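Structural overview
What follows is each chain in one-letter form.
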Amino acid sequence: VDSEPLKIMISGAPASGKGTQCEFITKKYGLVHIAAGDLLRTEVASGSENGKLAKKYMEKGQLVPDEIVVMMVKERLLMSNSQEQGWLLDGYPRSLSQARALEEHGIRPDLFILLDVSEEFLVERVVGRRLDPVTGKIYHLKYSPPESEEITARLNQRFDDTEEKVILRLQTHHQNVKDVLSIYEDITIKVDGNASKEDVFAQIDSALAGLVGQKKRTSTPL
Ligand code: AP5
């Protein structure tokens, strides 16, 4: 019996490991990964008016206005592949207004994952992060070094990945996280994100496996 696809949200401070865990989750569970930050960076790279405006906020570590973000994410969520395979929403919603906009459309996840990482680790994770423009894979010079010199040579750094900017991004996170959590309190799991990425995934995996089992038991045969 086919069960309903999973609908998952993942949140946490800047560089808490959201994108890294999303790589593990999509690989095992086949969900459509929708990352607000990635969508915005694509828009910035396109050079559009929205992209130019978005970049001004991203450079200050502030939230990009809802006029730009809300439609962008909603469109992805409602696409047929997200509806059929299930979705994994990364870095969204990040404010009360964004959460409410989803609720108004009846869009609610099965589980809200909060990655909890000590602040002392976040700066180091940010400044050591590198991205592979070819595969989209996330690396860290110390914790997840690239597999070959060829990859090392082509790695990029994000424009907002400096110590100065991560402090601003962290402030924005603290201003908004309680509001968002208040909407999803009953379906939130807090995951210890200080461990190795494999150990963090083991915690998430057991929660997701439990959910899949639950959905199978409750789905009725056609
Ligand atoms: P966004 O791109 O979402 O950035 P962020 O929230 O700051 O999160 P990051 O992508 O920096 O980190 P991550 O948690 O994915 O960590 P990662 O896995 O890469 O947003 C950027 C900007 O866009 C915002 O500032 C805002 O302006 C705008 N924006 C985004 N969403 C918005 C919204 N909803 N509304 C309005 N504006 C919005 O890991 C980090 C590093 O650590 C990597 O190098 C990784 O290899 C390493 N690492 C990961 N896990 C571990 C581990 N367990 N141990 C050791 N190292 C690890």
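Going along each chain's sequence as written, the residues are numbered from 1 onward. Where local features are concerned, this predicted model is filtered to residues with pLDDT of at least 70; where side-chain atom pairs are given and counted, the filter is 80 or more; whole-chain, interface and lining totals use all residues. Computation of side-chain values covers all heavy atoms of the structure but excludes hydrogens and water.

- For the protein chain, the name recorded in an unreviewed UniProt entry is adenylate kinase, with Protea cynaroides as its organism.
- UniProt positions are given in the numbering used here, feature names are shortened, and annotations may be inferred rather than shown by experiment. Entered under Subcellular location (unreviewed entry) in the UniProt record, the comment concerning the protein chain runs "Plastid, Chloroplast".
- Regarding the protein chain, the UniProt comment filed under Catalytic activity (unreviewed entry) reads as follows: "AMP + ATP = 2 ADP".

**Some points on the pattern of salt bridges**
- Salt bridge, as used here: a side-chain nitrogen of Lys or Arg that lies within 4 Å of a carboxyl oxygen of Asp or Glu. Scanning the model with the defined rule gives 16 salt bridges in all.
- With its nearest N and O atoms 3.4 Å apart, the salt bridge here joins Lys 52 to Glu 49. Here Glu 49 and Lys 52 lie together in helix α3 (residues 49–59), a separation of three residues that amounts to about one turn.
- A residue is classified by how much of its surface remains accessible, and Lys 52, at 49% relative accessible area, is partly exposed.
- Owing to a relative accessible area of 61%, Glu 49 belongs among the exposed residues under this scheme.
- Each of the salt bridges in this network shares a partner with another, and the network as a whole consists of Arg 129, Arg 158, Asp 160, Asp 161 and Arg 169. Here a helix means four or more residues in a row that DSSP labels H or I, a strand means two or more in a row labelled E, and each is numbered from the N terminus. Burial classes: relative accessible area under 20% of the type maximum marks a residue as buried, over 50% as exposed, and values in between as partly exposed (1.4 Å probe, protein chains only).

**So, the nonpolar core**
- Among the nonpolar cores identified, the biggest contains 28 residues, and Val 73, Leu 89 and Tyr 184 are the most heavily contacted of them.
- Among the elements of the structure, β2 (32–35), α2 (36–46), α3, α4 (66–78), β3 (87–90), α6 (96–104) and α9 (163–184) are those that each provide at least two residues to this core.
- Broken down by element, the residue count for this core peaks at six residues, all from α4.
- Contacts between residues were defined by any pair of non-hydrogen atoms, one from each residue, lying within 4.5 Å. Discounting chain neighbours no more than four positions away, the residues touching Val 73 are Ile 34, Ala 36, Leu 39, Leu 89 and Tyr 92.
- Think of a nonpolar core as a cluster: buried Ala, Val, Leu, Ile, Met, Phe, Trp, Tyr and Cys residues, connected wherever their side-chain atoms sit within 4.5 Å. Judged by nonpolar contacts, the second largest core, of 17 residues, contains Leu 6, Ile 8, Cys 22 and Val 200.

**Comments concerning the site of the ligand**
- Residues in close proximity to the ligand total 34 residues, the closest being Thr 20, Gln 62, Arg 94, Arg 129 and Arg 169.
- Measuring from a nitrogen atom of the ligand, one finds a side-chain N or O atom of Arg 125 at 3.3 Å.
- In this structure, Arg 169 approaches the ligand through a side-chain N or O atom, which is 2.7 Å from an oxygen atom.
- Only the protein chains shown count as covering a residue, and every accessible area follows the Shrake-Rupley method with a 1.4 Å probe. Coverage of the ligand by the protein amounts to 96% of the 1,000 Å² it exposes when considered alone.
- The classification used treats Ala, Val, Leu, Ile, Met, Phe, Trp, Tyr, Cys and Pro as nonpolar, Asp, Glu, Lys and Arg as charged, and all other residues, Gly among them, as polar. Its residues assigned to classes, the shell around the ligand comprises 14 nonpolar, 11 polar and nine charged. Residues are counted as near a molecule or strand when any one of their heavy atoms sits within 4 Å of it. Two N or O atoms count as a polar contact when they lie within 3.5 Å, although within protein this holds only if one can serve as hydrogen donor and the other as acceptor, and sequence-adjacent residues are included solely when both atoms are side-chain atoms.

**Overview of the environment of Ile 107**
- Secondary-structure assignment places Ile 107 in the loop between α6 and β4 (111–116).
- Looking at Ile 107, the relative accessible area reads 9%, which means it is buried.
- Spatially, the C-alpha atom of Ile 107 lies 9.5 Å from that of Leu 78, the residues being 29 residues apart in sequence.
- Excluding its chain neighbours within four sequence positions, the residues that come into contact with Ile 107 are Lys 74, Leu 77, Leu 78, Trp 87 and Leu 102.

**As for the environment of Gly 193**
- Relative to the assigned elements, Gly 193 resides in the loop between β7 (188–192) and α10 (197–218).
- Take Gly 193: its relative accessible area is 2%, and that puts it in the buried class.
- Once residues within four sequence positions are removed from consideration, Gly 193 is found in contact with Asp 116, Val 117, Arg 125 and Val 200.

**Some thoughts on the pairing of strand β1 (residues 7–12)**
- In terms of residue burial, β1 counts as a mostly covered element, since five of its six residues are buried.
- Here, a strand pair is defined by DSSP locating no fewer than two bridges between the strands. Strand direction decides the pairing type here: β1 and β3, joined by four bridges, are parallel. Opposite Lys 7, over in β3, you have Trp 87 as the bridge partner.
- Sheet topology places β1 next to β4; five bridges connect them, and they run parallel. Paired with Ser 11 across the two strands is Leu 114, which belongs to β4.

**Quick word on the packing of aromatic side chains**
- Within 6.5 Å between ring centres, the rings of Phe, Tyr and Trp (the latter by its six-membered ring) count as paired, and their orientation is classed by plane angle as stacked under 30 degrees, edge-to-face over 60, tilted in between. The tally for this structure, following the rule as stated, stands at two aromatic pairs.
- On the numbers, 5.1 Å between centres and 15° between planes, the contact of Phe 24 with Phe 201 is stacked. One end of the pair, Phe 24, is in helix α1 (residues 18–29); the other, Phe 201, is in helix α10, with 177 residues separating them in the sequence.
- Judged by centre distance (5.0 Å) and plane angle (10°), the rings of Phe 112 and Tyr 184 are stacked. Of this pair, Phe 112 sits in strand β4 while Tyr 184 is found in helix α9, placing the two residues 72 residues apart along the sequence. Tyr 184 matches Phe 112 in its accessibility class, with the two residues each being buried.

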